[in-house]
Amino acid sequence: LAGQSFLGDYLFNYYSKKPSKQNNWTIMGTIAYNLNFIHGMTGLNVIYDKNNLSMLSMSSITPYYNKMYRIIWKVNGSLSILNWQYQMDFGRNILSIKNLTSQKNNQWQHTFSLVIQPSTVFNIQTAGEYYHNEVTEKHYKDIFLADVKCTYSIGKHLELATTVSNICNYKKYSYTS
């Protein structure tokens, strides 16, 4: 059984042998569909996970649970010289400890990529990610990251490429997903 106690100004984590009970529920589902009119497909993944646990806190057994919901939607296609993909990912985590207010947070992530190939020897690739994550209740952190890469094939085994990363020129960033 996992435990924690305060020792002066420090939080002390430990494990002890005690009777404990735990159960876990996980439900997952996926559905996909061809989109012939854009030469692509779309899909939806859904995940639900719930853990009922207990921990030893300040010498008493404390039950708690953790729930996680996640929905991921993807769509992609190909139109002439253009290949693209978009993905939206929403997640929600809930931590509930007996006799305390539940902690909840939401995360959003949008991802896209675009490849333009005007000839068999030249292509341009773009990619981007947008994060909208709840740091504390009703307070969000937003960040957008983008990259571009141009490639020219000289032969079967040789190519020249140039890449521009971090187009938004973030000096520091952090995100969760």
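Above this text sits the structure in question.
Asks: Looking at this model, I keep getting lost on the overall build of the chain. Mind explaining?
Replies: Across its full length, the chain holds 0 helices and 10 strands. The N-to-C order of helical and strand elements in the chain reads β-β-β-β-β-β-β-β-β-β. In summary, the chain has a C-alpha radius of gyration of 23 Å against a globular reference of 16 Å for 177 residues, an excess of more than 25%. Overall size of the chain, expressed as C-alpha extent along the three principal axes, is 70 × 40 × 35 Å. Here the chain, with 177 residues, has 23% of them falling under the buried criterion. Summed over all atoms, the accessible surface of the chain reaches about 12800 Å², with 57% contributed by carbon and sulfur. Measuring between centres, the 16 positive side-chain charges of the chain sit 9 Å from its 9 negative side-chain charges.

Asks: What is the right way to look at the environment of Cys168 in this model?
Replies: By the element assignment, Cys168 lies in the segment after strand E10 (158–164). The sequence separation of Cys168 and Ser59 amounts to 109 residues, and the corresponding C-alpha distance is 50 Å.

Asks: Is there a simple way to think about the pairing of E10 in this case?
Replies: Working note: regular strand, side chains alternate between the two faces of the sheet. Sheet analysis places strand E9 (residues 139–155) next to E10, joined by 7 bridges and oriented antiparallel. When the sheet's bridge partners are listed, Lys149 is paired in E10 with Thr163. The hairpin formed by E9 and E10 contains 2 residues between the paired strands.

Asks: Sorry if this is basic, but what is going on with the pattern of salt bridges here?
Replies: Pairs can form between side chains of opposite charge once their charged atoms are near each other. On inspection of all chains with the given rule, the structure shows 1 salt bridge. Asp89 is the partner of Arg70 in a salt bridge, and the nearest nitrogen-oxygen pair spans 2.5 Å. Placement of Arg70 in strand E5 (residues 60–79) and of Asp89 in strand E6 (residues 82–97) is noted, with a sequence separation of 19 residues between them. Classification of Arg70 by relative accessible area gives partly exposed; the value is 33%.

Asks: So what exactly am I meant to see when it comes to the environment of Ser96 here?
Replies: Within the element layout of this structure, Ser96 appears in strand E6. Residues Ser96 and Tyr64, 32 residues apart in the sequence, show an inter-C-alpha distance of 5.5 Å. Residues contacting Ser96, with those up to four places away along its chain left out, are Tyr64, Tyr65 and Ser102. At 3.2 Å, the side chain of Ser96 and the side chain of Ser102 are in polar contact.

Asks: Mind showing me how you'd approach a nonpolar patch on the surface here?
Replies: Where nonpolar side chains cluster on the molecular surface, the patch consists of Ile31, Leu44, Val46, Ile71 and Trp73 and spans about 410 Å² of accessible area. Counting residues per element, the ones that place at least two in the nonpolar patch are strand E4 (40–57) and E5. Among the structural elements, Ile31 can be located in strand E3 (residues 23–35).

Asks: What exactly am I supposed to notice about the packing of aromatic side chains here?
Replies: Within a pair of aromatic rings, the relevant descriptors are the distance that separates the centres and the angle that separates the planes. The tally for this structure, following the rule as stated, stands at 4 aromatic pairs. Note on Tyr48 and Tyr69: the rings are 5.3 Å apart at their centroids and 45° apart in plane angle, and the pair reads as tilted. Remark: Tyr69 occurs in strand E5 and Tyr48 occurs in strand E4; sequence separation between them is 21 residues. With 4.6 Å between their ring centres and 50° between their planes, Phe90 and Trp108 make a pair best called tilted. Residue Phe90 is found in strand E6, and its partner Trp108 is found in strand E7 (residues 103–116); the two are separated by 18 residues along the sequence. The class for Trp108 is partly exposed, based on a relative accessible area of 30%. The lysine or arginine in question, Lys50, covers the ring of Tyr65, its NZ or CZ lying 4.9 Å from the ring centre.

Conventions we followed
Residues numbered from 1 in each chain as written. Predicted model: local features only at pLDDT ≥ 70, side-chain atom pairs only at ≥ 80, totals over all residues. Heavy atoms only, no water. Helix = DSSP H or I, 4+ residues; strand = E, 2+ residues; numbered from the N terminus. Rg over C-alpha atoms; globule rule 2.2 N^0.38 Å. Buried < 20%, exposed > 50% of the residue type's maximum accessible area, 1.4 Å probe, protein only. Areas by Shrake-Rupley, 256 points an atom, 1.4 Å probe, with all protein chains shown as cover. Lys, Arg positive; Asp, Glu negative; His and termini not counted. Charge placed at Lys NZ, Arg CZ, Asp CG, Glu CD. Pairing = 2+ DSSP bridges. Salt bridge = Lys/Arg side-chain N within 4 Å of Asp/Glu carboxyl O. Contact = heavy atoms within 4.5 Å. Polar contact = N/O pair within 3.5 Å; in protein donor to acceptor, adjacent residues only side chain to side chain. Patch = residues over 30% accessible without salt bridge, like charges linked within 9 Å, V, L, I, M, F, W, Y side chains within 5 Å. Phe/Tyr/Trp six-rings, centres within 6.5 Å; stacked < 30°, edge-to-face > 60°. Lys NZ or Arg CZ within 6 Å of the ring centre and 35° of its normal.

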